[in-house]
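Geometric and topological summary
Chain by chain, the residues run as shown.
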Amino acid sequence: MEHRVDPKLALRFGLYEVDLVQGVLSRQGVRLKIQEQPFRILALLLQRPGEIVTREELQESLWPEGTHVNFDGSLNAALKKLRAAIQDDAENPRFIETVPRQGYRFLAPVHSVNGSRNSISPSTSVSPESSEECFEVRMRLNPEFSPERAAELSRERKMAERAARWIDFSLLSGAIAFGSWLLFFIVYPVPRPSVQRMTRITNASGIDEWGGIVSDGTRIFFLERDGGHWNLMQTSVEGGNAEKMPAPFENTRLFALSPDHSQFLIGQFTRRDDEMPLWLWPVQGGEPRRMGEAVGHDPTWSPDGSQIIYVRGRSLYTIHPDGTQLRELAHGPGLPHFPAWSPDGETIRFNMDKRDDGTQAVWEMAADGSGLHAILAGGRPLASQSAGEWTADGRYFLYSDCENYDCNLWGIREAWNWFRRSHRDPVQLTHGPDSLHVDIPTQTGSRVFAFSFRSNRELQKIEPRSHHAETLILNANAEVASISPDGQLALYTDRPDGSLWRSSVDGAQRLRLTQPPLVASAPHWSRDGKQILFTGVRPGFLRQIYFLSADGGALRAVLPESREASDADWSPDGTQIVVSMREQKTQPKFGIYLFKSSTGEWTVLPESRGLVAPRWSPNGRYIAALDETNHRLLLYDFLTERWSDLAEGGLLGAPYWTSGSAAIYFQDQLDSEQAVYRVKILNRQVKKVFSCGEMLRSSPSHCIFSGLGLDGSLYVMVERGLTDIYALDLDLP
């Protein structure tokens, strides 16, 4: 209730006002704390400004006859408190003067709040405790006040006191509640998400992780490689035998299921890296329907089913399911993959592969294509953050984070909890030992499916005619090896940290040549076996070519800082190298260059843009290379200064020359048997010389051609691995 002061009962001196009825002392509208006795002394002094109020008068007013108290000490204490309240100094008084051996006098002018000079009877006394005394004060000061007016003021005072007590109680209760909430908020945050259980769903040998996983809540769909083609498979979300699904095309990839579960979004492909025509296929079967002119990969539905977003090149496009309103939504600085809509349809996230700095990270934009930016910039070369998806309720965003070859499941809490503190930083949910790639959450939002991959590798020496195999290096983490010219030593990279190692071909006498964080790849021996050439990358830098002694020692970088390398090889005399390289700003496509280490001179081969994996022939006349898609094998002749095609395939591996430069060996990794071929330079005749089919029908999952011996034997890195689908039940608080 608002406090109202009658101007006849309110006095003012200096910056202070006194309400004699309410017993309130205030300064410029701010209420001051003052006890009863100091206030009563002030009231008596204000009633007789300029006059001496004796100590005896003060005693009679404050301590009536019969009260036993130390009068002098109590009066001095009360006056001291009064002076402190009105900021007065006994030595240099502004308001209350001490008259020695007599009493006290009020010095400052006293006014009523209406501005008139106040003359008050010396007999007036103030006592804020008793309503009868208050009434007596009012009647003495203002005889025109009626008893009804006095009663009304008394009621107002009591109501104001009750309101003040209620406000104080409310403020105290609020402070206690806020303090309790703050303590709970800080001490007891929302628990971090965790994996409660992993359940193996499949038990198959040919699952291809590239095909992804789609689920309708009761079944999961995935791809399984069968020789030179892929089968569309299905199994229960609870596990069991996988069954082959009838598909409209020989190679059909299933991308997504419409929100109403009526249509599959599929692609038709021949090679895995080709852009695919996109189709809609009824779940109940029937003929697929072409989705307008949409050609690309990684399409997905919007939550309301009204749009489909897909990737083509460096751009993301949207199209309506009926094939109309095709438009470019955004163009990024790298290659986008795996777009995903937020459950509310307002945000799109995807993986961005930036080839210029070697990073792969999660990016985000609004549904209209605006606000494109990175939200999880890993900044680590050869690191990958991908396959992100929101849970069905939108509270968490789940994704895979891979460092070198080890991938784990991570999560970010999207929803803010006002009652409890929640963590907004990414949380690692799995910690190996298998490499996990999350794919999709189910409709419940607490279960995700992930590919789990386990593998080990061994280097084998194979005689092509007899198929006799001899195991050389048995190392679970070894990458593709390079054999020395004399066949006694091997180079390989170790997969956990990417370091380069040298050993004898039987795996003994191991020597580490490089240290993390440098990640090495594609090592090559010089012709005399004394030097090593390899591609390496450090965090925050472009891929570089390094020279290194075969016995270890200091590294020597070859390329300028602004250039990025793909691969390199030695010239026959060891005085030059051939490099697949590009300039970020001026030449975004790789080209083939020759480099003389003695002079530092660079020469580009004509018409070599878009070519990688160069290999110099032992006689020095030719250079073999692959195009960037790894579909074509080409040959450069220094005599004619022209390139020509040698062979084509699905996914060609790096070529290897025979010792006499008469032929080139290469592997087609998408061949149904991952076969190794030989092409003769003279007549361009291509012949299959070795098939990995028999090996692949047992335990190995990959057979990687890694080199050619002087005696015509083949070096093959055999990978024995197993890819399965697991269901991960999550606790997502």
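Owing to the predicted nature of the structure, the values given are computational and were not obtained by experimental measurement.

1. With respect to the pairing of strand β14 (residues 252-257)
- Where burial is concerned, most of β14 is hidden: 6 out of the 6 residues are buried.
- Both β14 and strand β15 (residues 263-268) contribute to a ladder of 5 bridges, which runs antiparallel. Residue L257 lies in a different strand from β15, and its bridge partner there is F264.
- A loop of 5 residues connects β14 with β15, the two strands running antiparallel in sequence, and H261 in this loop sits at a positive phi of about 60°.

2. Brief notes about the pattern of salt bridges
- Within this structure, the stated rule accounts for 23 salt bridges.
- A salt bridge links R40 to E36, with the nearest nitrogen and oxygen atoms 3.4 Å apart. Of the two residues, R40 and E36 both sit in helix α1 (residues 36-47), 4 residues apart, roughly one turn of that helix.
- One salt bridge in this structure joins E564 and R582, with 2.8 Å as the shortest N-O distance. One end of the pair, E564, is in strand β40 (residues 563-570); the other, R582, is in strand β41 (residues 576-583), and 18 residues separate them in sequence. The residues E564 and R582 share a single accessibility class, namely buried.
- Each of R197, E238, R447 and D729 takes part in a single network of salt bridges with overlapping partners.

3. Considering helix α2 (residues 55-62)
- Residues L58, S61 and L62 constitute the buried set of α2. Seen along its axis, α2 keeps its buried residues to an arc of 85°; they face one direction.
- Buried positions along α2 lie against α1, β5 (52-54), α3 (71-85) and β7 (103-106).

4. Quick notes on the packing of α1 against α3
- Two elements in contact, α1 and α3, have axes separated by 8 Å at closest approach and are oriented at 80°. As summarised for this structure, α1 and α3 are arranged roughly perpendicular, according to the angle between their axes. Listed contacts from α3 to Q37, P38, I41 and L42 of α1 are L75, A78, L79, K81 and L82.

5. Structural notes on the state of the cysteines
- Overall, the coordinates contain 1 disulfide when judged by the stated rule.
- Between the sulfur atoms of C692 and its disulfide partner C703 the distance amounts to 2.1 Å. Judged by the sign of its S-S torsion, about -40°, the cystine formed by C692 and C703 is left-handed. Remark: C703 occurs in strand β52 (residues 702-708) and C692 occurs in the loop between β51 (686-690) and α6 (693-696); sequence separation between them is 11 residues.
- Classification of C692 as buried rests on a relative accessible area of 0%.

6. A short note on the sheet that holds strand β46 (residues 632-637)
- Strand order in the open sheet formed by 4 strands is β44-β45-β46-β47, and the pairing between neighbours is antiparallel. Sheet topology places β44 (611-616) and β47 (642-648) at the edges, where each strand pairs with a single neighbour. On average, each strand axis in the sheet is tilted by 25° relative to the strand beside it, whichever way the strands run.
- Strand direction decides the pairing type here: β44 and strand β45 (residues 622-627), joined by 4 bridges, are antiparallel. Bridging from a neighbouring strand, L611 pairs with D627 of β45.

7. A word on the packing of α1 against α2
- Remark: α1 packs on α2, axes separated minimally by 11 Å, with the N-to-C direction vectors making an angle of 125°. On the basis of the axis angle, α1 is oblique to α2. Crossing handedness for the pair α1 and α2: right-handed. Contacts from Q37, R40, I41 and L44 of α1 reach α2 at L58, S61 and L62.
- Within the contact of α1 with α2, the residues separate by chemical class into 4 nonpolar, 2 polar and 1 charged.

8. Overview of a nonpolar patch on the surface
- A cluster of nonpolar side chains, contributed by W166, I167, F169 and L171, occupies part of the molecular surface with about 500 Å² of accessible area.
- Position of I167 among the secondary structure elements: in helix α5 (residues 147-187).
- Judged by its relative accessible area of 48%, I167 is partly exposed.

9. Quick notes on the packing of aromatic side chains
- Summed over all chains, the structure comprises 25 aromatic pairs.
- Here the aromatic rings of F534 and Y546 are separated by 5.5 Å at their centres, their planes lie at 25°, and the arrangement is stacked. Linking F534 in strand β37 (residues 531-537) with Y546 in strand β38 (residues 544-549), this pair joins segments that are 12 residues apart in sequence.
- Given a relative accessible area of 1%, F534 falls into the buried group.
- Judged by relative accessible area, which is 9%, Y546 ranks as buried.
- Over the aromatic face of W210 sits the side chain of R253, whose NZ or CZ is 4.7 Å from the ring centroid.

10. A few points about the nonpolar core
- F13, I41 and F106 are the most contacted members of the largest nonpolar core, which has 30 residues in total.
- For this core, the secondary-structure elements that each account for two or more residues are β1 (10-13), β2 (16-19), α1, α2, α3 and β7.
- Ignoring anything within four residues of it in the chain, the contact list for F13 reads V18, L42, L46, I86, F95, F106 and P109.
- By size, the runner-up hydrophobic cluster in this structure holds 27 residues, among which are F249, L265, F269 and L278.

11. Quick look at the confidence of the model for the protein
- On average, residues of the protein carry a pLDDT of 82, and 85% of them reach 70 or more.
- Within the protein, the element-level pLDDT minimum falls on helix α4 (residues 131-141), averaging 43, and the maximum on β46, averaging 96.
- Low pLDDT (under 50) marks residues 1-8, which in the prediction has 16 contacts with non-local residues, meaning those over four places away or in another chain.

Rules and cut-offs
Residues numbered from 1 in each chain as written. Predicted model: local features only at pLDDT ≥ 70, side-chain atom pairs only at ≥ 80, totals over all residues. Heavy atoms only, no water. Buried < 20%, exposed > 50% of the residue type's maximum accessible area, 1.4 Å probe, protein only. Helix = DSSP H or I, 4+ residues; strand = E, 2+ residues; numbered from the N terminus. Pairing = 2+ DSSP bridges. Salt bridge = Lys/Arg side-chain N within 4 Å of Asp/Glu carboxyl O. Arc of directions from axis to C-beta. Contact = heavy atoms within 4.5 Å. Axes fitted to C-alpha atoms, helices over the stretch in contact; angles between N-to-C directions. Parallel < 35°, antiparallel > 145°, perpendicular 65-115°, else oblique. Disulfide = S-S within 2.5 Å. Left-handed = near helix turned anticlockwise from the far one by under 90°. Nonpolar A, V, L, I, M, F, W, Y, C, P; charged D, E, K, R; others polar. Patch = residues over 30% accessible without salt bridge, like charges linked within 9 Å, V, L, I, M, F, W, Y side chains within 5 Å. Areas by Shrake-Rupley, 256 points an atom, 1.4 Å probe, with all protein chains shown as cover. Phe/Tyr/Trp six-rings, centres within 6.5 Å; stacked < 30°, edge-to-face > 60°. Lys NZ or Arg CZ within 6 Å of the ring centre and 35° of its normal. Core = buried A, V, L, I, M, F, W, Y, C linked by side-chain atoms within 4.5 Å. pLDDT = per-residue confidence, 0-100.

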